[in-house]
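# Observations on chain architecture
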Amino acid sequence: MTVTMDAAALQAFLAQDFGQVAEDFSVERADAAGVTLRLRVVTRHLRPGGTVSGPAMFGLADVAMYLAILSRIGPVALAVTTNCAIDFMRKPHAGVDLLAQARVLKLGRSLAVGDVLLFSEGGPEPVARASLTYAIPPA
């Protein structure tokens, strides 16, 4: 698969079009295999007990898949999530960022399907797995 937007272009897109959340994320990698996105975990991402909240983990998976799709089709701001299923498998490690590894499994003209694995930084086992479908607007 050809990459249309690299990590720097995806980060710039986030800053320009999604400034409200851009500072939470860092695009670590964007290549033919997919996208790795970092969630810079801060206090607002935590729930009682000191673990990363489910909504923060969902947001990371969603943004990672969005960027993985854009890395292939270019800056299409109106591509939207149509389905997401997420499995929370283990408690994230405290005090470290989360990393999402997103890959596009099928890219059609109007739909894209992919999966995302979430890891605590430095941890070998995924903390969550998500399957997402995106609608791509007509050109």
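For the structure, see preceding data.
Cut-offs used in this document
- Residues numbered from 1 in each chain as written.
- Predicted model: local features only at pLDDT ≥ 70, side-chain atom pairs only at ≥ 80, totals over all residues.
- Heavy atoms only, no water.
- Phe/Tyr/Trp six-rings, centres within 6.5 Å; stacked < 30°, edge-to-face > 60°.
- Helix = DSSP H or I, 4+ residues; strand = E, 2+ residues; numbered from the N terminus.
- Buried < 20%, exposed > 50% of the residue type's maximum accessible area, 1.4 Å probe, protein only.
- Contact = heavy atoms within 4.5 Å.

The next subject is the packing of aromatic side chains. Under the definition given, this model contains four aromatic pairs. For the pair F13 and Y66, a centre-to-centre distance of 6.2 Å together with 50° between the ring planes defines the contact as tilted. You can see F13 sitting in helix α1 (residues 7-17) and its partner Y66 sitting in helix α3 (residues 54-73), a full 53 residues away along the chain. Centre to centre, the rings of F18 and Y66 are 5.7 Å apart; their planes meet at 90°, and the pair counts as edge-to-face. Remark: Y66 occurs in helix α3 and F18 occurs in the loop between α1 and α2 (19-22); sequence separation between them is 48 residues. Three or more aromatic residues link up through ring pairs in this structure, and these residues are F13, F18, Y66 and Y134.

This part covers the environment of M89. Locating M89 in the fold gives a position in the loop between β5 (80-88) and β6 (98-107). Its relative accessible area of 39% is what places M89 among the partly exposed residues. In the structure, M89 is positioned 48 residues away from P137 in sequence and 33 Å away in space, judged by C-alpha atoms. With residues near it in sequence (within four places) discarded, M89 still touches P126, V127, A128 and R129.

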